[in-house]
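# An overview of the molecular structure
Chain residues, written in single-letter form:
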Amino acid sequence: MPLIINVSPHNKVPLNTSLIMRNVIYALLPAAAAALYFFRWDAFFVIANCIVSSVITEEIILRIRAKPSAVRDGSSVVSGLLLALILPPGIKWYAATLGAVFAILVGKHLFGGLGYNIFNPALIGRAFLMAAYPKMLTSWVNPFSITAVTSATPLALRKFSQIITPTAHLFWGNISGSLGETSAVVLIIGGLYLLIRRIADWRIPLSLIAAVSGIAFIFYLINPINGSVFFHLFSGGLMLGAFFMATDPVTTPITKKGRFIFGIGCGISIMTIRYFGGLSEGVMYSILFMNSITPLINRYTRPKSFGIR
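Residues numbered from 1 in each chain as written. Predicted model: local features only at pLDDT ≥ 70, side-chain atom pairs only at ≥ 80, totals over all residues. Heavy atoms only, no water.

## Topic: helix 13 (residues 283–292)
Here helix 13 lies mainly inside the structure; seven of its 10 residues are buried. Those residues of helix 13 that fall on the buried side of the exposure criterion are V283, M284, S286, I287, L288, M290 and N291. (Buried < 20%, exposed > 50% of the residue type's maximum accessible area, 1.4 Å probe, protein only. Helix = DSSP H or I, 4+ residues; strand = E, 2+ residues; numbered from the N terminus.)

## Let's talk about the pattern of salt bridges
Enumeration over the complete set of coordinates arrives at five salt bridges. Residues D201 and R259 are paired through a salt bridge, measuring 3.4 Å at the closest nitrogen-oxygen approach. On the criterion of sequence distance, the pair formed by D201 in the loop between helix 8 (184–196) and helix 9 (203–222) and R259 in helix 12 (residues 256–276) is long-range, its members being 58 residues apart. For R259, a relative accessible area of 21% translates into the label partly exposed. (Salt bridge = Lys/Arg side-chain N within 4 Å of Asp/Glu carboxyl O.)

## Comments concerning the confidence of the model for the chain
Averaged over all residues, the pLDDT of the chain equals 89, while 91% of them reach at least 70. Across the chain, element-level confidence peaks in helix 9 with a mean pLDDT of 96 and bottoms out in strand 2 (residues 150–151) with 68. (pLDDT = per-residue confidence, 0-100.)

## Digging into the environment of A43
Checked against the element boundaries, A43 lands in helix 1 (residues 17–64). With a relative accessible area of 0%, A43 lands in the buried category. Contact partners of A43, with chain neighbours within four places excluded, come to A35, L36 and L179. (Contact = heavy atoms within 4.5 Å.)

## Here's the deal with the packing of aromatic side chains
With the rule as written, the count across this model stands at 15 aromatic pairs. The interplanar angle of 65 degrees and the centroid separation of 6.2 Å between the aromatic rings of F111 and F119 together place this pair among those described as edge-to-face. By relative accessible area, which is 33% here, F111 ends up partly exposed. The structure contains a cluster of three or more aromatic residues connected by ring pairs, namely F171, W172, F230 and F234. The ring of Y37 has R40 lying over it, and the distance from NZ or CZ to the ring centre is 5.9 Å. (Phe/Tyr/Trp six-rings, centres within 6.5 Å; stacked < 30°, edge-to-face > 60°. Lys NZ or Arg CZ within 6 Å of the ring centre and 35° of its normal.)

## Quick word on the layout of surface pockets
Considered as a void within the structure, the largest pocket measures approximately 530 Å³ in volume. Lining the largest pocket are 32 residues, with R126, W140, E181, S280 and E281 sitting closest to its centre. Every element with two or more residues in the lining of the largest pocket is listed here: helix 4 (121–132), helix 6 (154–161), helix 11 (238–245) and helix 13. Along its surface, the second largest pocket is lined by 23 residues, and M21, V24, V78, D248 and P249 are the ones closest to its centre. Within the residue set of the lining of the second largest pocket, elements represented by two or more residues are helix 1, helix 2 (75–85), helix 4 and helix 11. (1 Å grid on protein atoms, 1.4 Å probe; cavity = no way out; pocket = protein on both sides within 12 Å on 5 of 7 lines; lining within 4 Å. Points joined across faces, edges and corners; volume = space filled by probe spheres on them.)

## Notes on the nonpolar core
Grouped together as the largest cluster of nonpolar side chains are 76 residues, with contacts concentrated most on L87, I91 and F244. Per-element tally for this core: the top contributor is helix 1, with 15 residues. Among all residues touching I91, those that are not within four sequence positions of it are V46, A96, L129, M136 and L137. (Core = buried A, V, L, I, M, F, W, Y, C linked by side-chain atoms within 4.5 Å.)

## Description of the packing of helix 8 against helix 11
Contact geometry of helix 8 with helix 11 gives a least axis separation of 9 Å together with a crossing angle of 15 degrees. In terms of orientation, helix 8 and helix 11 fall into the roughly parallel class. Crossing angle aside, the handedness with which helix 8 passes helix 11 is left-handed. Every residue of helix 11 that contacts helix 8 at L187, I188, G190, G191, L194 and L195 is listed here: M239, L240, F243 and F244. (Axes fitted to C-alpha atoms, helices over the stretch in contact; angles between N-to-C directions. Parallel < 35°, antiparallel > 145°, perpendicular 65-115°, else oblique. Left-handed = near helix turned anticlockwise from the far one by under 90°.)

Structure follows, in structure tokens:
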């Protein structure tokens with residue numbers, strides 16, 4: 001009987017990029033369905049626009065680079081869907097298209113493509129749109145509104161008007177905000193799916209949520225108008241960021257200790273911006289900031305080799 005010797009790894013994990021991306025899409029479907037329910041056709045056009053623009057942009061770039069098509073792996077679909085879910089429902093079509101193109105071109109392929117990017121592409125796309133169209137990115141409409149009546153988000157109401165939105169509204173989603181950020185319950189369902197399937201590591205969302213909860217509890221004791229723990233957990237993009245953005249395996253630490261540090265750093269940054277910054281929300285900038293120091297975290301949390309002091 002011949003002896004066959006292969007290179008490592010010998011114990012293969014039945015996970016690949018395509019399977020991981022499909023599971024992320026499955027986990028995002030409840031949030032997408034809630035967006036369609038609350039914002040109807042506006043949500044449909046934004047989601048379709050971002051996904052199609054992302055897929056076409058990646059295909060064009062890969063052909064220019066003489067690389068094989070990667071549309072089947074689903075990464076461009078995930079980037080487009082995530083971008084759509086962090087955009088307001090009333091955004092213009094050309095802005096959504098430009099954001100998707102920027103996310104794929106600059107956020108992903110400028111660094112070498114999938115697996116080489118240091119920032120989350122969807123967040124890079126939104127950050128670009130925030131700089132290019134700040135008014136459009138901060139204009140919100142009420143759910144079920146067919147007359148495009150503008151309104152403030154719960155975080156903006158707390159920060160600028162000292163009004164606290166009831167927790168039940170934040171949990172179910174009958175509030176103003178980005179397409180995928182209004183309903184906390186669907187994001188929790190999708191996040192738990194990723195954790196159960198072990199697509200996302202539990203350390204980052206746990207440490208992020210713990211840091212936010214601890215800071216929110218202290219400030220709530222000082223003054224209830226600062227918002228309760230559940231108010232800060234369920235409002236804005238925290239749940240979407242904790243489960244779907246901060247857990248991106250490419251742009252987050254690879255060490256276990258580093259993931260705890262990453263999550264805690266995100267939580268502290270988020271609450272610092274929410275309490276002391278000029279913006280009412282801080283999830284996007286917090287995750288991007290922690291993405292930038294991920295190599296440093298990896299360096300100083302790297303476990304020692306066996307036999308080395």
